[in-house]
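Now for the letters of each chain:
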Amino acid sequence: MPDDLHMTPDEFRRHGHDVVEWVAAYMERVRELPIASAVRPGEIRGRLPEAAPEEPEPFAALLHDLDEVVLPGITHWQAPGWFAYFPANTSGPSILAELASAGLGAQGMLWATSPALTEIEAHVLDWLVDLLGLPQHFKTAVGPGGGVIQMSASDSTHLAHVVARDRASRAGAPIDRLVAYSSSQAHSSVERGARIAGFSRVRLVDVDDAFALRPHALREAIERDLAASLVPTIVTSAIGTTGTGAVDPVAEVADIARERGMWHHVDAAWAGSAMLCEEHRPRQAGAERADSYTFNPHKWLFTNFDCNVLWVADRAPLIETLSILPPYLRNLPSESGEVIDYRDWHVPLGRRFRALKLWWVLRSYGAAGLRHHLREHIALAQELGRRIDEHPRLERVAPVSFALVCFRHRQGNDATDVLAAAINAHPNLHVTPSTVGDTRFVRLAVGQTRTTADDVERLWTAIARAA
Ligand code: PLP
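Residues numbered from 1 in each chain as written. Predicted model: local features only at pLDDT ≥ 70, side-chain atom pairs only at ≥ 80, totals over all residues. Heavy atoms only, no water.

## Some thoughts on the nonpolar core
No. 1: Leu 128, Leu 132, Tyr 293 and Trp 311 are the most contacted members of the largest nonpolar core, which has 79 residues in total.
No. 2: For this core, the element with the highest residue contribution is helix 13 (residues 355–390), accounting for 12 residues.
No. 3: In this structure, this core is formed jointly by two domains, domain 1 (106–352) and domain 2 (366–466), each of which donates at least three residues.
No. 4: Apart from residues lying up to four places away in sequence, Leu 132 is in contact with Gly 272, Met 275, Leu 276, Arg 281, Gln 284, Tyr 293, Phe 295 and Trp 311.
No. 5: Membership of the second largest hydrophobic core comes to 23 residues, among which are Val 148, Leu 178, Ala 194 and Val 202. (Core = buried A, V, L, I, M, F, W, Y, C linked by side-chain atoms within 4.5 Å. Buried < 20%, exposed > 50% of the residue type's maximum accessible area, 1.4 Å probe, protein only. Helix = DSSP H or I, 4+ residues; strand = E, 2+ residues; numbered from the N terminus. Domains from an automatic or database assignment. Contact = heavy atoms within 4.5 Å.)

Listed below in structure tokens is the structure:
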């Protein structure tokens, strides 16, 4: 066996070309692949050898198994016929940035451990503040707030609860008295984040006919809790709920949070991307008064998972909650107070260069290019909504929200399930059957990178045929 088994730069160049070629070919053929993986539980694992290889294998064997072992077990989120869940769209510049980032292999836990990672992240997130119409104090360059990239909206929402809890307990409130609020339609990550953060009381407040939080119900819940000597601590409002894309009355929630001295977190995981388009910004009015705001470029902004942004209006409580300084992390730039050390902005210490893909996506598309595609997705969804409204056997269960369409069969839940199954029986289309209250419905989000009007037409043909 040779002494040095590392892949040489020349071998890397060759194999790298093969991998890039493989991914490019995947982009071309994903449209034709059956979207849903048909494997049975354990089938993929059954194709792997019992033990790890003792001897080195040629790279060609690895690539071969991408087709033979991996692909059969892939659900093709990148197919243009993907309308399920929310998108997790990718793009060429984003994928290439991931490769470059892995090539650099740098850790950005401290400014000093790779200044470019921190400074590009801080700067790009400041750009995004303007692109989304958020307040200037969310910018690290302006302050006192700032933005940070984290793994997921769930992480950021959890962290908002941790910081709110910490703030309340520093002010003397006993932890077992603290209460967290959101609407009953909030994503499960809100309740989960609250519970993991130590909130034993989580109130899921009633919603109106459009599935948005009722401020009156929030006030009542808070009054009841105050009367029981509890401490209302944090409220989350959603811009674009997962179920139906509902938008909570953010400004009214902001008023209530201010009155009661509560932390106000905004979860715009999916719909935040739409705020690049000015015409949608009225729907987030009030977010400029939030204590924290999170959104996922990894859903609908052509930036592959994982890439979630958290902005805070004031970074002091966040850093106060998370900062511990062991001697081995001490360094002069940190002590100068002139730099950001992102390790103090989330739970993990190590962090990779995720900002590179956001930077490359923003530069490759330009804000105008991103707006163009977002508007196209939204227009396609609105058109689908119109067709559903005109169809005698279909009805919407919620207003079309951004690019999310939710509808049912007028004959009820069973007919709706049959309809969803018929659409999903089409190998190149995928939607999500869901439930709100007792109502089953079909939920579809337009937002895959390569979805075109023709794909939406295919979807409509399948819907109309099955209805
Ligand atoms: N919040 C909302 C409104 C969502 O729709 C989702 C996921 O769909 C999440 C949070 C969780 O996102 P993540 O997977 O980034 O944790």
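Having seen it, we continue.
## Regarding helix 5 (residues 115–131)
No. 1: Over its 17 residues, helix 5 runs 24 Å from end to end, which matches the ideal 24 Å to within 8%, given 1.5 Å per residue.
No. 2: By the burial criterion, the buried members of helix 5 are Leu 117, Thr 118, Ile 120, Glu 121, Ala 122, Val 124, Leu 125, Asp 126, Leu 128, Val 129 and Leu 131.
No. 3: Those residues of helix 5 hidden inside the fold are in contact with strand 1 (146–150), strand 6 (292–295), strand 7 (308–312) and helix 13.
No. 4: Of the residues trailing helix 5, Gly 133 is marked for its positive phi of about 70°. (Expected span 1.5 Å × (residues − 1).)

## Quick word on the pattern of salt bridges
No. 1: On inspection of all chains with the given rule, the structure shows 29 salt bridges.
No. 2: With its nearest N and O atoms 3.1 Å apart, the salt bridge here joins Glu 395 to Arg 410. Placement of the pair is Glu 395 in strand 8 (residues 394–396) and Arg 410 in the loop between strand 9 (404–409) and helix 14 (413–425), with a sequence separation of 15 residues.
No. 3: Judged by its relative accessible area of 25%, Glu 395 falls in the partly exposed class.
No. 4: One network of salt bridges, in which partners are shared, links Glu 98, Asp 306, Arg 352, Arg 354 and Lys 357. (Salt bridge = Lys/Arg side-chain N within 4 Å of Asp/Glu carboxyl O.)

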